[in-house]
Amino acid sequence: MTWTQGGLGELDDDALLPCDIRAGFHKPFAESVMDHGFGEPVSYRFNSKGYRGEDLDPDAAFRICVVGESHATGHGVAIEQSFGHRLKLHIAQALDLEAARVNCLNFAASGTSADYCTRTIYRQLTRFPADLVVCNMPVPDRVEYFHGSEPKTLNLRLLDPARLEDAPEPLLAFADFYTPQMGDVGLLKNLLLIQEFCRQRGIGHVQALQHRLRAGPRAKHVFPFRAPLDDAGFLDNQLFSIRPDKAADGKHAGPRTHAGYAIAVLDKYAQALSGQRDPERARRLVQYVEKTKQTDPDWAFCQDAVMDVRGPVRRRAPAPGAMGQGLAGVQKSDVRPDLHVPLTETCSYAADTFGDVTYRFNSKGYRGEEPDPQAKFRICVIGDDDAFGTGMALEQTFGHVLKAEIAVALGLPRDQVTVVNLSATGQSADYCVRTIFRQLTGFPVDLVICKLPPPQRVEYCSGESGFQSMDAASVTAQNIDEVPIPLAAYAGFYTEDMGQVAQIKNMLMLQQFCTRQGYGLVLASENLPLATRRSAFLTGFDAALDPAHILDDQVFRIRPDKAADQIHAGPRTHRAFAIAVLQQYANGLPDTGEHSLAARLRKHVTHLIESDPDWSFCQQQVARTKADATDTAEHA
């Protein structure tokens, strides 16, 4: 058969992209035999794209994609003994297929990170379909590092305290920056990105977490991300940590562990498939798994080994997706407690010390009105200083301009449209994602507007200090000895490419969350325009972004007028931006007739674009700035 899915058309061998990591090992058509010192030598054969194992088969009846680190690669075992290949044979037998009709692609590479797994799934599986993705998640204390053309892995476990002088500078900086809390958050965000990618495309998925999270399920840094995880595709399996037998290198898991693990993966997939679109396939897989678990000696061997380690009482960790949805309503702000004090007002905020603007904070410590769950239309605004409205009266901020215009368009009293502004000065896209997950599961809204902060910012989390924003751009040669060690360390390993990858992943998380919740979304990304998103290392992520959500608007970068602090954008800029947001939102809505929400909003936006002086003023300034930039480039 020839696959056609999602407009991808007929597949050929070039649908599979080359491996883009560890080029010294993952060479196309390479073959090597390694004597690891224990057992028989192991042969490593790489396909036409530099991955271990078989090539893409366009005519396969069932396709498995395996991704992960050395255990998923099958380090120290023959490819026929690896869990991916064994899973292929099990599925073929269960579904009465010839083994050659089941295609197992192995994207794993030794020493890689959860970041690599996520990027590779987005990079490859937007090009061809799959039936099952198996992700063997690496340990949390690794990160994918970008500098130049080839992505690399920073792995804290490779840092030898006795030889620090030989360690690469980015790895030393990462070690000074990393905390277990940051590792937990990074791992969970990657799990969610993979889960949503597979769910939206109808791909079965098993995500195996062999290294348990250090934090409890209700720890405040993990709870917003752990609650949405779907337990159906989540395999909490410790076999590769226990390793009942060893591979030929004496370190990695051996053939019997791989055999037992393949059955555990198939069991999880079969259970998740039950009751879904193919009940007959699920029934056959479930029956096959139950029979195999009763008769397979490797399964029994592995289960005995687990019992020996854990003891007779096996307490299962709470399911990630069974943590509940948090408290109803908006919760208290958890950043900048020095500024975001509930039920207070002040005439200075962060860099604005001029005293011309009054900032009032509601009962949750956020600027503006109290959240009204009874409002007819609910807007959530999130971002940094521009979204907060630094230097601006509340009524002039784009969130409140949007509130007023939506009320007019829909014929509602203004108090029936509510704006919840979760923004705070100096925050990052990490903050935006975590706060949306934290707050909007308990407070449903109609529209989320995220004005994404610059990509060089990161949210730092430690057990002692809670959540802080760090900006690599704030570190200079003059102040590097004075800034906190984690910030100096972050600046030491940060690269522009890494920031852009983190930014687009955060955009995807917001898109996926809002789609799942049924919320409208506008992502304003002046720092990551379309041309940048089409870069080779971002294109897989960009293919998964819905352009209906993306507003590539430069008005806040140009700032046609200034706020009272003479730094931030002024009221005319805010108003023009509000109109651009409303236009983007209205155009993305389904038009079901002249009285639909889309039709009414579009009619009002058309009127504003034709008649609003602030819109005209800002468009002229943007056009002039672009023309000047073009002239400068031509003269250069």
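Cut-offs used in this document
- Residues numbered from 1 in each chain as written.
- Predicted model: local features only at pLDDT ≥ 70, side-chain atom pairs only at ≥ 80, totals over all residues.
- Heavy atoms only, no water.
- Core = buried A, V, L, I, M, F, W, Y, C linked by side-chain atoms within 4.5 Å.
- Buried < 20%, exposed > 50% of the residue type's maximum accessible area, 1.4 Å probe, protein only.
- Helix = DSSP H or I, 4+ residues; strand = E, 2+ residues; numbered from the N terminus.
- Phe/Tyr/Trp six-rings, centres within 6.5 Å; stacked < 30°, edge-to-face > 60°.
- Lys NZ or Arg CZ within 6 Å of the ring centre and 35° of its normal.
- Polar contact = N/O pair within 3.5 Å; in protein donor to acceptor, adjacent residues only side chain to side chain.
- Contact = heavy atoms within 4.5 Å.
- Pairing = 2+ DSSP bridges.
- Axes fitted to C-alpha atoms, helices over the stretch in contact; angles between N-to-C directions.
- Parallel < 35°, antiparallel > 145°, perpendicular 65-115°, else oblique.
- Left-handed = near helix turned anticlockwise from the far one by under 90°.
- Nonpolar A, V, L, I, M, F, W, Y, C, P; charged D, E, K, R; others polar.
- Salt bridge = Lys/Arg side-chain N within 4 Å of Asp/Glu carboxyl O.
- Expected span 1.5 Å × (residues − 1).
- Disulfide = S-S within 2.5 Å.

Enquirer: Explain the nonpolar core to me, and be specific about the residues and the numbers.
Expert: Among the nonpolar cores identified, the biggest contains 109 residues, and Phe107, Leu125, Phe128, Phe177, Leu440, Val448 and Phe493 are the most heavily contacted of them. Among the elements that make up this core, the one with the highest residue count is helix H5 (residues 180-201) (10 residues). Ranked by size, the runner-up nonpolar core spans 38 residues in total, among them Ala387, Ala524, Leu582 and Val605.

Enquirer: How would you sum up the packing of aromatic side chains? Please name residues and give values.
Expert: For the structure shown, the criterion picks out 27 aromatic pairs. A ring pair is formed by Phe398 and Phe577, whose centres lie 4.8 Å apart and whose planes are at 70°; its orientation type is edge-to-face. Taken as a pair, Phe398 in helix H12 (residues 398-410) and Phe577 in helix H19 (residues 571-587) lie far apart in primary sequence, 179 residues in all. Taken as a pair, Phe398 and Phe577 share a single burial class, namely buried. With a centroid separation of 4.9 Å and an interplanar angle of 70°, the aromatic rings of Phe556 and Phe577 are classed as edge-to-face. Taken together, the positions of Phe556 in helix H18 (residues 555-558) and Phe577 in helix H19 put the pair 21 residues apart, joining distant regions of the chain. For the residue pair Phe556 and Phe577, the accessibility class agrees, reading buried in each case. Three or more aromatic residues joined by ring pairs form one cluster here, namely Phe174, Phe177, Tyr178, Tyr460, Tyr490, Phe493 and Tyr494. Over the aromatic face of Phe197 sits the side chain of Arg201, whose NZ or CZ is 3.8 Å from the ring centroid.

Enquirer: Hey, could you go over the side chain of Asn421 for me, with residue numbers and the actual values?
Expert: By the element assignment, Asn421 lies in strand S13 (residues 417-421). Residue Asn421 is classed as buried on the basis of its relative accessible area of 8%. Side-chain polar atoms of Asn421 contact the backbone oxygen of Ala387, separated by 3.0 Å. Of the polar contacts made by the side chain of Asn421, one reaches the side chain of Ser423; its length is 2.7 Å. When neighbours within four sequence positions are excluded, Asn421 is seen to be in contact with Tyr366, Arg367, Val381, Ala387 and Phe388.

Enquirer: Go over the sheet that holds strand S18 (residues 550-551), please, and point to the residues and values.
Expert: Strands sit in the order S13-S12-S14-S17-S18 across an open sheet of five strands; the sheet is parallel. The sheet is open, and its two edges are formed by S13 and S18, each paired on a single side. Two strands pair when backbone bridges link them, and strand S17 (residues 520-524) and S18 are joined in this way by two bridges, in the parallel orientation. Among the inter-strand pairings, Leu523 is bridged to a residue of S18, identified as Ile550. Packed onto the sheet, H12 meets strand S12 (377-383), S13 and strand S14 (447-451) and runs at close to 160° relative to S12.

Enquirer: So what about the packing of helix H13 (residues 429-439) against helix H15 (residues 496-517)? Which residues, and what values?
Expert: The contact between H13 and H15 brings their axes to 9 Å, and the two run at 15°. With respect to H15, the element H13 is oriented roughly parallel. Crossing geometry of H13 relative to H15 is assigned as left-handed. Within the contact between the two elements, H13 uses Ala429, Asp430, Cys432, Val433, Ile436 and Phe437 and H15 uses Gln503, Asn506, Met509, Leu510, Phe513 and Arg516. Split into classes, the residues belonging to the contact of H13 with H15 amount to eight nonpolar, two polar and two charged.

Enquirer: Describe in detail the packing of H19 against helix H20 (residues 597-611), supporting the description with residues and values.
Expert: Two elements in contact, H19 and H20, have axes whose closest approach is 9 Å; the angle formed by their N-to-C orientations is 145°. Along this stretch, H19 crosses H20, giving a crossing that reads as left-handed. Along the contact surface, H19 presents Arg575, Ile579, Leu582, Gln583, Tyr585, Ala586 and Asn587, while H20 presents Leu597, Ala598, Leu601, Arg602, His604, Val605, Leu608 and Ile609. Class assignment of the residues belonging to the contact of H19 with H20 gives a composition of 10 nonpolar, three polar and two charged.

Enquirer: Tell me what's going on with the pattern of salt bridges, and back it up with residues and numbers.
Expert: In the structure shown here, the tally under the stated rule is 35 salt bridges. In this structure, Asp166 engages Arg163 in a salt bridge whose closest nitrogen and oxygen atoms are separated by 3.1 Å. With relative accessibility at 48%, the residue Asp166 sits in the partly exposed group. When the shortest N-O distance is used, the salt bridge between Glu280 and Arg283 registers 2.5 Å. Taken together, the residues Glu280 and Arg283, both in helix H9 (residues 279-295) and three residues apart, mark about one turn of the helix. By relative accessible area, which is 38% here, Glu280 ends up partly exposed.

Enquirer: Summarise helix H8 (residues 255-273); cite the residues concerned and give the values.
Expert: Under the 1.5 Å per step criterion, the end-to-end length of H8 is 27 Å for 19 residues, consistent within 8% with the ideal 27 Å. The element H8 is extensively covered by neighbouring structure, given that 16 of its 19 residues are classed as buried.

Enquirer: Residue-level account of the state of the cysteines, with values.
Expert: Under the counting rule described, the total for this entry stands at zero disulfides. Cysteine Cys135 remains unbridged, with the sulfur of Cys117 as its closest cysteine sulfur at 4.0 Å. You can call Cys135 buried: its relative accessible area is 0%.

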